[in-house]
Structure formats: structure tokens, C-alpha cells
Amino acid sequence: MTPKDIIKSFNEWLYKHRIAVGIAILYSVIALSLMAPMASSKIINGSFNDTASHVGYIAQARTAIIEGQFPLRVAPAEGNGWRYPGFQFYSQLPYFIGGWFYKLVTPTNPYKAYKLVIIIALTIGGFYIYRLGFKLTKSRIASVLGGITYISAPYFLNNIHARGAFTEAIAQGILPVVIYYVIQCYLTGKRSYLILSAISWFCLAVTHIITFVYGTLFIALLALVVVIKTRKTDFRFTRLIPPLQGYGLGWLLGFYFLAPVVFISPYLSIRKQINVINPFDTNNYTPIANLLSPTSLPPEPSQTGLAATYGLHPAVGWILLAAWGVTIYYHYFSPSLPPKLQQTRPYMLGLLWVFGVALFLTWSPIDIWSILPRQLWVTQFTFRFLTHVMWAGGLLTAYATVLIFRRRLDRRHLVIGILVIVLASRPWLPPAKGTLTVDQLKQEPLFRYSGALDYLYRPPIRTLYGKAELPLLHPGWIPGYGTWNTFVNHPLLLEAELRYPAWEDGENPVLFIEGEVPLENIADTATLEVQIDGKVVGAFPLVSRELKGEVPFPSLPEESKDFGLKFVVQGGTRDGKPLNIRVKELFLDGMLPKHTLIPVKETEDNCQQQGVSTVCEITVSEDANIVQLPVLYYPDMLKVWVNDQRFYKISAVHYRDYNLTGVDLKPGTYTIRSTFHGLAWANWISSLAWLGLIGLIILHNFSRSKN
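Residue numbering note: each chain is counted from 1, following its sequence as written. It should be noted that, the model being predicted, local features are given only for residues of pLDDT at least 70 and side-chain atom pairs only at 80 or more, the latter also being counted only at that level, while totals for whole chains, interfaces and linings use all residues. Here the side-chain values reflect all heavy atoms present in the structure, with hydrogen atoms and water set aside.

**Re the overall build of the protein**
Logical step 1: A run of H or I in DSSP counts as a helix once it spans at least four residues, and a run of E counts as a strand once it spans at least two, with each numbered from the N terminus. In terms of helices and strands, the protein carries 24 helices and 16 strands.
Logical step 2: The quantity called the radius of gyration is restricted to C-alpha atoms. Its globule counterpart is 2.2 Å times the number of residues to the power 0.38. Computed over C-alpha atoms, the radius of gyration of the protein comes to 29 Å, within 12% of the 27 Å expected from 2.2 N^0.38 for 707 residues, which places it in the range of a compact globule.
Logical step 3: Principal-axis analysis of the C-alpha atoms gives the protein an extent of 90 × 65 × 50 Å.
Logical step 4: To sort residues, take the accessible area from a 1.4 Å probe on protein chains only and compare it with the maximum for the residue type: under 20% means buried, over 50% means exposed, and anything in between is partly exposed. Counting all 707 residues of the protein, 55% fall into the buried class.
Logical step 5: For every accessible area listed, the method is Shrake-Rupley and the probe measures 1.4 Å; residues are considered covered only by the protein chains on display. Working note: accessible area of the protein is about 31,600 Å², and carbon and sulfur atoms make up 60% of it.
Logical step 6: Considering the protein, the positive charge centre built from 61 side chains and the negative charge centre built from 44 side chains are found 24 Å apart. This count recognises Lys and Arg as positive and Asp and Glu as negative, with His and chain-terminal groups excluded. We put the charge of a Lys on NZ, of an Arg on CZ, of an Asp on CG and of a Glu on CD.

**Quick word on unusual backbone geometry**
Logical step 1: For the peptide bond that leads from Phe70 to Pro71, omega is -5 degrees, which places it in the cis range.
Logical step 2: With respect to the element layout, Pro71 can be found in the loop between helix 3 (51–67) and helix 4 (86–89).
Logical step 3: Of note, the phi angle at Arg83 is positive, near 65 degrees, even though the residue is not glycine.
Logical step 4: Among the secondary structure elements, Arg83 is positioned in the loop between helix 3 and helix 4.
Logical step 5: If you check the backbone angles, Glu495 has positive phi at about 75 degrees while not being a glycine.
Logical step 6: For Glu495, the position within the fold is in the loop between helix 22 (481–489) and strand 1 (498–501).
Logical step 7: Overall, the relative accessible area of 47% leaves Glu495 in the partly exposed class.

**A closer look at the packing of helix 2 (residues 18–34) against helix 6 (residues 110–137)**
Logical step 1: For the pair helix 2 and helix 6, the least separation of the axes is 8 Å and the interaxial angle reads 135 degrees. Regarding the angle of helix 2 to helix 6, the classification is oblique. Crossing hand, helix 2 versus helix 6: right-handed. Residues Ala20, Ile23, Ala24, Tyr27, Ser28, Ala31 and Leu32 of helix 2 form the contact with helix 6, whose own contacting residues are Ile119, Leu122, Thr123, Gly126, Phe127 and Tyr130.
Logical step 2: Grouping the constituent residues of the contact of helix 2 with helix 6 by class yields ten nonpolar, three polar and no charged. Comment: axis = line fitted to C-alpha atoms, over the contacting stretch for helices; angle = value between 0 and 180 degrees taken between N-to-C directions. Orientation categories follow fixed angle ranges, with anything under 35 degrees roughly parallel, anything over 145 roughly antiparallel, 65 to 115 roughly perpendicular, and all other angles oblique. Should the near helix be turned counterclockwise from the far one by less than a right angle, the crossing is left-handed, whereas a clockwise turn marks it as right-handed. Two residues qualify as a contact provided that any one of their heavy atoms is within 4.5 Å of a heavy atom in the partner residue. Under this grouping Gly is polar, as are all residues other than the nonpolar Ala, Val, Leu, Ile, Met, Phe, Trp, Tyr, Cys and Pro and the charged Asp, Glu, Lys and Arg.

**Some remarks on the packing of helix 12 (residues 241–253) against helix 13 (residues 255–263)**
Logical step 1: Look at helix 12 against helix 13: their axes get within 5 Å of each other, and the N-to-C directions meet at 80 degrees. In this view, helix 12 runs roughly perpendicular relative to helix 13, as classed from their interaxial angle. Where helix 12 abuts helix 13, its residues Trp251, Leu252 and Leu253 lie against Phe255, Tyr256, Leu258 and Val262.
Logical step 2: Here the residues of the contact of helix 12 with helix 13 sort into seven nonpolar, no polar and no charged.

**A look at the state of the cysteines**
Logical step 1: The definition used for a disulfide is geometric: two cysteine sulfur atoms within 2.5 Å. Overall, the coordinates contain one disulfide when judged by the stated rule.
Logical step 2: Residue pairing for Cys607: its cysteine sulfur links by disulfide to Cys616, the two sulfurs lying 2.0 Å apart. Taking the sign of the S-S torsion, about 110 degrees here, the bridge from Cys607 to Cys616 comes out right-handed. An identical accessibility class is assigned to Cys607 and Cys616; each is buried.
Logical step 3: Considering cysteine sulfurs only, Cys203 is the nearest to Cys185, which forms no disulfide, with 15 Å between them.
Logical step 4: Owing to a relative accessible area of 19%, Cys203 belongs among the buried residues under this scheme.

**Side note on helix 5 (residues 93–104)**
Logical step 1: Taking 1.5 Å as the rise per residue, helix 5 with twelve residues should run 16 Å; its terminal C-alpha atoms sit 16 Å apart, in good agreement.
Logical step 2: The inward-facing, buried residues of helix 5 contact helix 3, helix 4, helix 6, helix 9 (166–188), helix 10 (191–205) and helix 21 (438–443). Expected span, for any helix, means 1.5 Å times one less than how many residues it has.

**Describing helix 3**
Logical step 1: Given a rise of 1.5 Å per residue, 17 residues ought to cover 24 Å, and the 24 Å separating the end C-alpha atoms of helix 3 matches this to within 8%.
Logical step 2: Counting buried positions over the 17 residues of helix 3 gives 14, a clear majority of the element.
Logical step 3: Residue Gly68 follows helix 3 closely and has a positive phi angle near 110 degrees.

**Brief notes about the sheet that holds strand 15 (residues 658–664)**
Logical step 1: The rule for pairing is simple: two strands pair if DSSP sees at least two bridges between them. One open sheet holds the four strands; their spatial order is 8-11-15-14, and the pairing between them is mixed. Only two strands of the sheet have a single neighbouring strand rather than two, namely strand 8 (597–598) and strand 14 (650–655).
Logical step 2: Here strand 11 (residues 626–632) pairs with strand 15 via four bridges, running antiparallel. Note that in strand 15 the partner of Leu632 across the bridge is Leu660.

**Some points on the pattern of salt bridges**
Logical step 1: Between Lys or Arg on one side and Asp or Glu on the other, a salt bridge is scored when a side-chain nitrogen of the former is within 4 Å of a carboxyl oxygen of the latter. For the coordinates displayed, the defined rule picks out 14 salt bridges.
Logical step 2: Close ionic contact of Glu168 with Arg163 constitutes a salt bridge, the shortest N to O distance being 2.9 Å. When sorted by exposure, Glu168 lands in the same class as Arg163, which is buried.
Logical step 3: Each of the salt bridges in this network shares a partner with another, and the network as a whole consists of Glu497, Arg499, Asp533 and Asp562.

Here's what the structure looks like:
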């Protein structure tokens, strides 16, 4: 085929699809206009939210791509460069796309790549609401307006500009694609729609777990209403098979990502947060007056008149509310509907239910969450249900427009409708605010407290290791800003007793402590006491800025299986707060060689990154048999080779509140290579599913060519 033939074929395709292309361009222009608060490409808008963290992750995704990671699993620079698997547990697709954009399209500016991904998500989300709306209403103009309503909804803009919820915003762009192909699978049963449905479910799963979970539930609610309403006229159980096959295949395609979320996340720090934070306790963000407000207002009064998170004013939006109200009126009180809506009336009712249930859960005036399974607490914030208000409302906007104007819809209604919808969204575009420059972020592109602690593996300490830095946080800690401060500034935990397993016979533990004392905050005199099971075993007068010393531990009673270690400051402070002693070293020594580490501060200098693997040259002595690698530990998700032989004798060894990988070796010199690869069995399942999908695509294309 010559270049002339290619150009001719492209022009023919463009002419054939000119309406769809024009609508996609319209959505792109509107999406670009909704990004106005991020117009600058030098200063990051939203230094007060998570935007900078996500831009940093796009920079790290580029590094991961250069390393050879596929799929993305590990954030190379996060967590001291100890191979923190943020992509494995949090999100992959948005960063993968953003990382490639940063590598190929915007090689000097990750913020531009970030914005480009969002614009594409807005365009796709609007376009697929349009496609589904057109399928249901047969009105192109009404469906175009429905798509614009969706992408300009207050919560979509909140996620982009106020919260900096990058992955959730991308998921909001993917969700309409999922819904469209689920409904097409149900209506037609075509193999092509099954394939696309599976791929769209996969994309949603590896983008945002919360949207995937609740998208499943609300699509199921829509399906339930449709099935009930059509059970006597137009329903066969066989029609459910293609959408269920697409959903199941989507699960299998993403199993390498979903299986660790299901099986490993109960032991991650994020699970502790989910288990203690009832979504009902976050309904202060969503009082009903604010949800129904025609303008953007903070949910609670403040001295500055601003929300705690600048611009975070969750609301439904009057366009969506009006569409819901109009459709309710015509569905329940109008004697007849336009003929072209009669066939899809069950979908109209299903959308009304989705909208109403999602709105109620967003408001959450009563605590229904306490009686629901804890797994559903994964939503964390009730305002997240506005996503499902949005897609239901966008489609109801198409219905409402047809119901009001009937056959009188023309281009004038389209133009005026666009203006009204976009202007109605104006209050949720906050003035740009931020000081962090892109150049500053590129110097240290980290996720930090926004998510750098969420996916740390946190097993209980079962063995006491010598030279292992002791934890500085209580075992019940949950990720957050205060916790991040401990990881950065290392304050000594005072007054709280931490339990440790008893040491073995023949071991004589000695506590070594080194730190920095803020003498200026000591009111008179102060002493740091070291207590074991309530008994003082050592004390340090706090008379100099440098704290350094050692405390031999006494023998434990024979029946003791564990002991409690506590640090107590005797003396007052000038500000009345606990004394902030910054820890430099806090570890035990005097343990048997089999329980003594070559600590990470020694091994790290002998390690380097080679592609996706961390390679270390280590000499093990008679005094310490456990090599502490600069690699975070996750059970069954690491592969370790010692002198090119696969090695399985690895375990979690603590370094403060991290758990690093420990390798148990005899004396000698070794080359140790470790790679984070995820769950092998889940990887195999996904690989086979992808091969099956490719086979299905080939079979589909072969069948089409024969016909």
C-alpha cells in the first residue's frame, strides 16, 4: 500500500466517522477548558493536595519503564529506594500511560504528561456517556449534552483540582467505557463487545480499586432493575452470560494485580486504616445542603471561609439534580413517554435507582456502615459515591432533555445547552494556587505521606534480631501525615509499651541508643528511663544535646514468652508536649549469630540496581548470619538468587517501622540478586488469560474475514 492509498483510506474513514470525530473534538476542547486552573506548566497547581505526589509518581513510572518493568510494580525512588511496590498495590495504568508520555511526548516535564492523561480521560468519559446515551435515547443532541454534563460534574472537577485524586479521576474516565460495553454485551451478545468489555474492566481494575468495586455493585444494581422490569417480556438468562463472561475475563486479565490486593493487603498498613475509619465519620464533607447547593461552598465554616482541603466542596450539581427530578416526574407521573424511549424505559428506572442510592450513600445521614461488611469500608469517604451519581445523572440528562423537548431538539438547543452546563460547573473551578515548581519536584519526585506508607507490609515481630533498628511507632499506627513525620524525623516513642518476643538462651541483649535531645524544651531537669515490663533497667540524665549510651537487659523470668519495652521521660517540658528526642540509632546487640544482622546501613553501599533487580556483593562473617537487603519484604512476591541459585530462606527483618528482606547465609562471600515479581501463580493466571484473549481476537477477526 502506497502513502497515497493510506491517505485516501484515512480520508474515507474520517468522512465515514466525521460525526463521532467532531463530537470527540468537542469533548477535547471542553476538557481542555476545564483544566484552566492547571494552565501553568511551570508551577504545580494544588501544592496543598496530592497533585504533586501523582506527578512525582509519573516521574518514577518513567524510571520504572527505563528499568524494564512491565507491568509496573515498584516505585524506584520511594521508601529510601527500597523497592516500594506502590504500583503493584495502588494503581498501574494511569502511571504507565503518564510515564510513557513523559518519556516520549513531554520528556522535560512530567506535569504536562499528568495533564495530558487527565484530558484524555475527560474526553473518553464524555464520549462514552454520549455513546451510551445515544444507544438509550436515540437522540444525538441530548446524548452530547449528557456527556458534557458528566465531565463537568462538580465531583469530577473536585477530584482533578481540589483533591488531586489523579487515579480516581482517570477511573471516572474509564467507567463509562465499562458501562457501555456491559450493556452492549447484554443487548447483543456479540464477541467483539465481550472482548472490549473484558479489556475495559481490566483497565478500571488496574486504575482504581474503589471505583472498580463500587462500579461492579452499581452496575449490578442497574442490571437488577432492568431484569426485574423485563423479566416477563424481554429477558432470557442467557443474555446475562456475555456480560458476566466479560467481567470474569477482566478479572483474570488483571489477576496479577487483583490477587495481591485480595490476599496480601490484609497485612498492609492501608488495611488498618480501612478497618478503623468508618465512612460514616466522613459525612461531614457531604451535608445535604451542600450536596444540593447550586454553587461551590465549603461543607463547614472556618475562619478563612475555605475548606480544610482548598476547593473540596462535594456537590451533585443542579444540572444532574434537574435531570433526576425531570426523569422521575415523567417516569411516574406522565401518561406517556416518547416512543423511542419506551423500549429503554427499564434502563431509565435503573438509572433513577442508581442515582438515588448513590446520593443517599453520599449523604449517609444514618450509620448503615456499621452493619455492612468491613470490606465495603474501602470507599473511605462517602463523597466517593458521587462518581455513581455522575454517570447515572449524565445518562438521565440525555433522557430528561428528550423528555422536555421531544422532537423539537435542534442545534440551537445544543449550543445553549453547552453554555448552560459549562457555566453551571464554573464555581467548581477554583483559582489556581500553589508554589511548588516542576523543577523542584523533579529533584525529589516522591509520593510521600500521600501513599508512601499505605502499602508497607506489617507482620508482627516474631524474632528478636541483633543490629536491627527497633520500631518507633506503636503497632496500631495507621498511615497519615503524623505517621509520615515519624518516618522523616524519627522521634522516640515515649510512654507507650511495645511488646517483643523473648530472646533465646545464650543471648545477652544490650540496648544501644543514640539521639539528639532538644535541651531548649526541658523545663528544669529530665531523665530518660528505659523500662522492661514496668521496671527501670537504665536511665540517662538529659544534660547534653547528644544522647548516647547502652543498657544491658536483665534476664527474663523462665516462663516469659515476650517482654514490654518502654521509654519514659521524667521531667517537664516548656511547651507541655512530650519531649521530641530524635533517634539516630536504636538497636539491640549481644544476640546469637543466627539472630544477628549485617544491617542495611552496611549492605546498602554494596548494592546497585541492575534493571529490575537489586544486586548486592556481600561477605558474611561468623558473627552475623542474616543479610538485611535494601529491599522491602513481601511474602511470596520476591525472587532471590544467591550466586545465581534460587534461594528461598528469606524473611522479614525490621528496620524501624519498615520490614526489609533478610537472607540467612553461612559465612562466605555472595552475590545476591533480588527482584519483586508479584505472586507467581497470579501472574501465570493473567498470562494465560491474555493468551486466551489474543486467541479470541484472532478467532473473531478470522470469523469476520470469512463472512
